[in-house]
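Residues per chain are reported as follows:
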Amino acid sequence: MEGGGGSGNKTTGGLAGFFGAGGAGYSHADLAGVPLTGMNPLSPYLNVDPRYLVQDTDEFILPTGANKTRGRFELAFFTIGGCCMTGAAFGAVNGLRLGLKETQNMAWSKPRNVQILNMVTRQGALWANTLGSLALLYSAFGVIIEKTRGAEDDLNTIAAGTMTGMLYKCTGGLRGVARGGLAGLTLTSLYALYNNWEHMKGSLLQQSL
């Protein structure tokens, strides 16, 4: 048994030497008094150099010339899809309300259910088409204005919203164009004000001090 143990120790020592772990072993008490000359102290909890835990660069690697934030072209797909889904949901709820109101004198039967379902489908498609068209026009104008000006700010948002309202209501004559442009200008101005509210509040607070 002793010979087997000696053979096992030799084998282990040989493998350890092969992988570079040979030599005399040192305990934590032996290594505790060794000075770390020219080295940063290791973390007592993670046993790792704290310098490797500090991220002084961006977490993601961006392609050359890419922006850190998504532009209007990238956001256009999300905007159009979100508006279509929102319009479909709102239209379905509105269609259900109208269907129940129009068939309130009818007994619960198959014709009433079919009429309510038709109203839900019609209103859902109508609102999804309306909001999707507005989002498409707004995104297209936003991308064109951004590429033309070479800048991305709230002015692009307000201009795109105004032009979207004017084009969407262009079939109603000059009065319709004016109303559509005013509606788009108002909505986008409120949106820009909401996005910059914290910045404006901080600026006013600094001026008051």
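Looking at an unreviewed UniProt entry, one finds the protein named Mitochondrial import inner membrane translocase subunit TIM23 and attributed to Castor canadensis. In its Subcellular location (unreviewed entry) section, the UniProt entry covering the protein states "Mitochondrion inner membrane".

A. Up close: the overall build of the protein. Counting secondary structure elements, the protein contains seven helices and zero strands. Put simply, the protein runs from its N terminus to its C terminus through helices and strands in the order α-α-α-α-α-α-α. The 209 residues of the protein split such that 20% are buried. Long-range contacts, defined here as pairs at least 24 residues apart, represent 51% of the contacts in the protein between residues at least 6 apart. Accessible surface, the protein as shown: approximately 16,300 Å² in total, 65% of it carbon and sulfur.

B. Inspection of the packing of helix H4 (residues 110–149) against helix H5 (residues 154–168) at higher detail. The N-to-C vectors of H4 and H5 enclose an angle of 135 degrees; their axes lie 8 Å apart at closest approach. In terms of orientation, H4 lies oblique with respect to H5. The interaxial crossing formed by H4 with H5 has right-handed handedness. Contacts between H4 and H5 pair Thr130, Leu134, Leu137, Tyr138, Phe141, Gly142, Ile145, Glu146 and Arg149 from the former with Leu155, Asn156, Thr157, Ala159, Ala160, Gly161, Met163, Thr164, Leu167 and Tyr168 from the latter. Among the residues forming the contact of H4 with H5, the class breakdown is 11 nonpolar, six polar and two charged.

C. Structural view of a nonpolar patch on the surface. A surface patch of nonpolar side chains, about 380 Å² in accessible area, is lined by Leu190, Leu193, Trp197 and Met200. At the level of elements, helix H6 (173–195) and helix H7 (197–208) are the ones that each hand at least two residues to the nonpolar patch. Looking at the element boundaries, methionine 200 is found in helix H7.

D. Looking closely at the packing of aromatic side chains. What the rule picks out here adds up to two aromatic pairs. Judged by centre distance (5.4 Å) and plane angle (85 degrees), the ring pair of phenylalanine 73 and phenylalanine 77 falls under edge-to-face. Residue phenylalanine 73 and its partner phenylalanine 77 are both found in helix H3 (residues 72–102); the two are separated by four residues, about one turn of the helix. Each of the two residues, phenylalanine 73 as well as phenylalanine 77, counts as exposed. Taking 4.7 Å as the distance between ring centres and 80 degrees as the angle between the ring planes, the aromatic pair formed by phenylalanine 90 and tryptophan 127 counts as edge-to-face. Taken as a pair, phenylalanine 90 in helix H3 and tryptophan 127 in helix H4 lie far apart in primary sequence, 37 residues in all.

Conventions we followed
- Residues numbered from 1 in each chain as written.
- Predicted model: local features only at pLDDT ≥ 70, side-chain atom pairs only at ≥ 80, totals over all residues.
- Heavy atoms only, no water.
- UniProt positions renumbered as here; feature names shortened; annotations may be inferred.
- Helix = DSSP H or I, 4+ residues; strand = E, 2+ residues; numbered from the N terminus.
- Buried < 20%, exposed > 50% of the residue type's maximum accessible area, 1.4 Å probe, protein only.
- Contact = heavy atoms within 4.5 Å.
- Areas by Shrake-Rupley, 256 points an atom, 1.4 Å probe, with all protein chains shown as cover.
- Axes fitted to C-alpha atoms, helices over the stretch in contact; angles between N-to-C directions.
- Parallel < 35°, antiparallel > 145°, perpendicular 65-115°, else oblique.
- Left-handed = near helix turned anticlockwise from the far one by under 90°.
- Nonpolar A, V, L, I, M, F, W, Y, C, P; charged D, E, K, R; others polar.
- Patch = residues over 30% accessible without salt bridge, like charges linked within 9 Å, V, L, I, M, F, W, Y side chains within 5 Å.
- Salt bridge = Lys/Arg side-chain N within 4 Å of Asp/Glu carboxyl O.
- Phe/Tyr/Trp six-rings, centres within 6.5 Å; stacked < 30°, edge-to-face > 60°.

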